[in-house]
Amino acid sequence: MNIFIQLAYLTATILFIVGIKKLNKTQEARQGNTISAIAMLLAVLATLVQSKLLNPIEIFSCLLIGSAIGLIWARRVEMTQMPEMVAIFNGFGGIASLLVATSDYWTRAVEQPELSTDIVTIVSILLSVLIGGITFSGSLTAYGKLSGKINGNAIVFKGQHLVNLFLLLIAMICGILVAVSTGSIYAMMIMISISLILGILVVIPIGGADMPVVISLLNSYSGMAACTTGFVLNNSVLIVTGALVGASGIILTQIMCKAMNRSLISVLLGGFGATSGGTAGAGNAGDMVIKEVGVEEAAMIFDSASSVLIVPGYGMAVAQAQHIVREMMDILEARGINVRFAIHPVAGRMPGHMNVLLAESNVPYDKLIEMELINDDFANTDVVLVVGANDVVNPAARTNPASPIYEMPILNVDKARTVIVSKRSMAAGYAGIENELFGYPNCLMLFGDAKATLTKLVGELKEQ
């Protein structure tokens, strides 16, 4: 039987690697997700059979109940709420690692103190508790920020980093006490409490503009917590898959930081998103000359264009305008107009958020062009339609050294012949600064709810 268990683990590991590899490409992402799900099912079944904790009927019942909960939840969650769902999933991974490690420690310290505990196991338990606790409470805090239940701005207070350092030092001392004496129950309880507090304190100073980085970082934490739990349980597939998730999360986090021209340390220290519109880097909104365009005029501009680039942002997600955007694309393409989508890596609330929304509305994958590949094309584009994006198209990133987003890579929409911005109002984005683009001579503002105004625009295009 053991040989079959090991073969199942090996197969699951290979499938995990293949699945994660396929997630690298938009066209293969769904297939990669399915392969990874099959790998997880195989790993779970193999573990349950090996442990002999449940009989086949109980295993089937648990799988059925869990699958039903997942299916119902997935169908009820709107695409605009996907970042919140990802944050919750990260939290589940963290709390699972914490509970498993705590349970194993309780067995060794209270129920079976005669068991020998080597240094690798006890260190793995401590890391699982610390990383798992930070991941759980940090993910719940991120969920609160994303869903609006907690202030999305950076929440900072004097001496915040010193408090974090002090708590971390206490956690390390508790860890040493646990390692020296396996029966140090109180030290373990204090460490668990500190890990949960640290998770909150680490995430609250991070502003809304850094949320894509936070999501990918917490995903990495959940993988590392799972990896250390694998050492606790001596489970090879958990070690490998946890390491894969942890490593891929760190790589994605680095990609996100590069896309924002920010170091990971600056993200963790927080503050981005805490600036107000009145700061020096906000620009002089009062001096900007804003030109508004009506639906009829906008339709005429699009009808006379030969090339159109659409830049989606979180505002498109909030308005749920992705379907009408796709309908607009179909109308323009039917008239021989070249239509593509320019995707900024950190547009939205999580990595790939815009890709997910547009894929839901059946926009072909080859129409979604990443920033590095599309930026040079803006200068040769007739019309750019910005739908709900703000900071990722703000020229202040190139022109204003005093701006908090200075040197952040942006989409060069201002270089197009005409820019039409679909936006509810002149409100600032997550970075809390005014967008210089809105005052540019080639920029026209199409105010109103994105779904409502674009629906009217599509109606006008149909009549022309």
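This is a predicted model, so every value here is computed, not measured.

The rules behind the values
- Residues numbered from 1 in each chain as written.
- Predicted model: local features only at pLDDT ≥ 70, side-chain atom pairs only at ≥ 80, totals over all residues.
- Heavy atoms only, no water.
- Helix = DSSP H or I, 4+ residues; strand = E, 2+ residues; numbered from the N terminus.
- Rg over C-alpha atoms; globule rule 2.2 N^0.38 Å.
- Buried < 20%, exposed > 50% of the residue type's maximum accessible area, 1.4 Å probe, protein only.
- Polar contact = N/O pair within 3.5 Å; in protein donor to acceptor, adjacent residues only side chain to side chain.
- Contact = heavy atoms within 4.5 Å.
- Expected span 1.5 Å × (residues − 1).
- Phe/Tyr/Trp six-rings, centres within 6.5 Å; stacked < 30°, edge-to-face > 60°.
- Pairing = 2+ DSSP bridges.
- Axes fitted to C-alpha atoms, helices over the stretch in contact; angles between N-to-C directions.
- pLDDT = per-residue confidence, 0-100.
- Parallel < 35°, antiparallel > 145°, perpendicular 65-115°, else oblique.
- Left-handed = near helix turned anticlockwise from the far one by under 90°.
- Nonpolar A, V, L, I, M, F, W, Y, C, P; charged D, E, K, R; others polar.
- Patch = residues over 30% accessible without salt bridge, like charges linked within 9 Å, V, L, I, M, F, W, Y side chains within 5 Å.
- Areas by Shrake-Rupley, 256 points an atom, 1.4 Å probe, with all protein chains shown as cover.
- Salt bridge = Lys/Arg side-chain N within 4 Å of Asp/Glu carboxyl O.

So, about the overall build of the protein chain. Along the backbone of the protein chain there are 17 helices and 6 strands. Taking 23 Å as the expected radius of gyration for a compact globule of 464 residues, we find that the protein chain reaches 25 Å, a close match to that expectation. Its C-alpha atoms give the protein chain principal-axis dimensions of about 80 × 50 × 30 Å. Evaluated residue by residue, the protein chain yields a buried proportion of 48% over its 464 residues.

Our next topic: the side chain of T381. Inspection of the secondary structure assignment puts T381 in the loop between α15 (371-374) and β4 (383-387). Within the local environment of T381, its side chain forms a polar contact with the backbone oxygen of D377, the two atoms lying 2.7 Å apart. Excluding anything up to four places from it in sequence, T381 contacts S307, V308, L309, A416 and R417.

This part is about helix α1 (residues 2-22). Taking 1.5 Å of rise per residue, 21 residues should cover 30 Å, and α1 covers 30 Å from first to last C-alpha, within 8% of that figure. For α1, every residue scored as buried is listed here: I5, A8, Y9, A12, T13, F16, G19 and K22. Close packing links the buried residues of α1 with α2 (29-51) and α9 (236-260).

Taken as a whole, this structure holds 3 aromatic pairs when the rule is applied. Judged by centre distance (6.5 Å) and plane angle (40°), the ring pair of F89 and F92 falls under tilted. Of this pair, F89 and F92 are both found in helix α4 (residues 82-111), 3 residues apart, which corresponds to roughly one turn of the helix. A relative accessible area of 43% means that F89 is categorised as partly exposed. On the accessibility criterion, F92 (45% relative accessible area) is partly exposed.

Most of strand β6 (residues 443-447) sits out of view: 4 of its 5 residues are buried. By the bridge criterion, 5 bridges tie strand β5 (residues 418-423) to β6 in an arrangement that is parallel. Across the sheet, residue V421 finds its bridge partner in β6, namely M445.

In spatial order, the strands read β3-β2-β1-β4-β5-β6; together these 6 strands make up an open sheet with parallel pairing. At either end of the open sheet lies a strand with only one pairing partner, and these are β3 (368-370) and β6. Across the sheet, the axes of successive neighbouring strands diverge by a mean angle of 25°, strand direction being ignored. In the sheet, strand β1 (residues 307-312) pairs with strand β2 (residues 338-343) via 4 bridges, with the strands oriented parallel. Opposite L309, over in β2, you have R340 as the bridge partner.

Our focus in this paragraph is the pairing of β1. Of all 6 residues that make up β1, 6 are buried, and the element is covered over most of its length. Of the two faces of β1, both are covered, the one formed by S307, L309 and V311 as well as the one formed by V308, I310 and P312.

What follows is about unusual backbone geometry. Within the chain, N234 stands out as a residue other than glycine whose phi angle is a positive 55°. Checked against the element boundaries, N234 lands in the loop between α8 (211-233) and α9. At N362, a residue that is not glycine, the phi angle is positive and equals roughly 65°. Looking at the secondary structure, you find N362 in the loop between α14 (353-360) and β3. Among the residues examined, N362 registers a relative accessible area of 62% and is labelled exposed.

Okay, the confidence of the model for the protein chain next. Confidence in the prediction of the protein chain, expressed as mean pLDDT, is 87, and 94% of residues score 70 or more. The spread of mean pLDDT over the elements of the protein chain runs between helix α10 (residues 264-269), the lowest at 71, and β1, the highest at 96.

Another aspect to go through is the side chain of T253. Tracing the backbone through its elements, the reader meets T253 in helix α9. The contact partners of T253, leaving out residues within four places of it in the chain, are V213, S216, L217 and L264.

Attention shifts here to the packing of α4 against helix α5 (residues 119-147). For the pair α4 and α5, interaxial distance at closest approach is 7 Å and the crossing angle is 155°. Put simply, α4 runs roughly antiparallel to α5. Of the two elements, α4 crosses α5, and the hand of that crossing is left-handed. The residue makeup of the contact of α4 with α5, split by class, is 15 nonpolar, 12 polar and 3 charged.

On to the environment of G246. Residue position: G246 is located in helix α9. Judged by relative accessible area, G246 falls into the buried class, the value being 4%. Along the chain, G246 and G223 lie 23 residues apart, while their C-alpha atoms are 4.2 Å from each other. Other than its neighbours up to four places away in sequence, G246 contacts S220, G223 and M224.

On the surface, a cluster of nonpolar side chains totalling about 580 Å² of accessible area is made up of I3, F4, L7, L10, I14 and V18. Its location among the elements puts I3 in helix α1.

Attention now moves to the environment of G183. Assignment of secondary structure puts G183 in the loop between α6 (160-180) and α7 (185-203). Since its relative accessible area comes to 45%, G183 is described here as partly exposed. Measuring from C-alpha to C-alpha, the distance between G183 and A109 comes to 4.7 Å, with 74 residues separating the pair along the chain. In contact with G183, other than residues within four places in its own chain, are Y105 and A109.

Remark: α4 packs on α8, axes separated minimally by 9 Å, with the N-to-C direction vectors making an angle of 25°. The angle between the axes of α4 and α8 places the two elements in the roughly parallel class. Judged by the twist between their axes, the crossing of α4 over α8 is left-handed. Residue-level inspection shows P83, V86, A87, N90, G94, S97, V100 and D104 of α4 in contact with α8, the latter providing I215, L218, N219, S222, A225, A226, T229, V232 and L233. Residues belonging to the contact of α4 with α8 are distributed by class as follows: 10 nonpolar, 6 polar and 1 charged.

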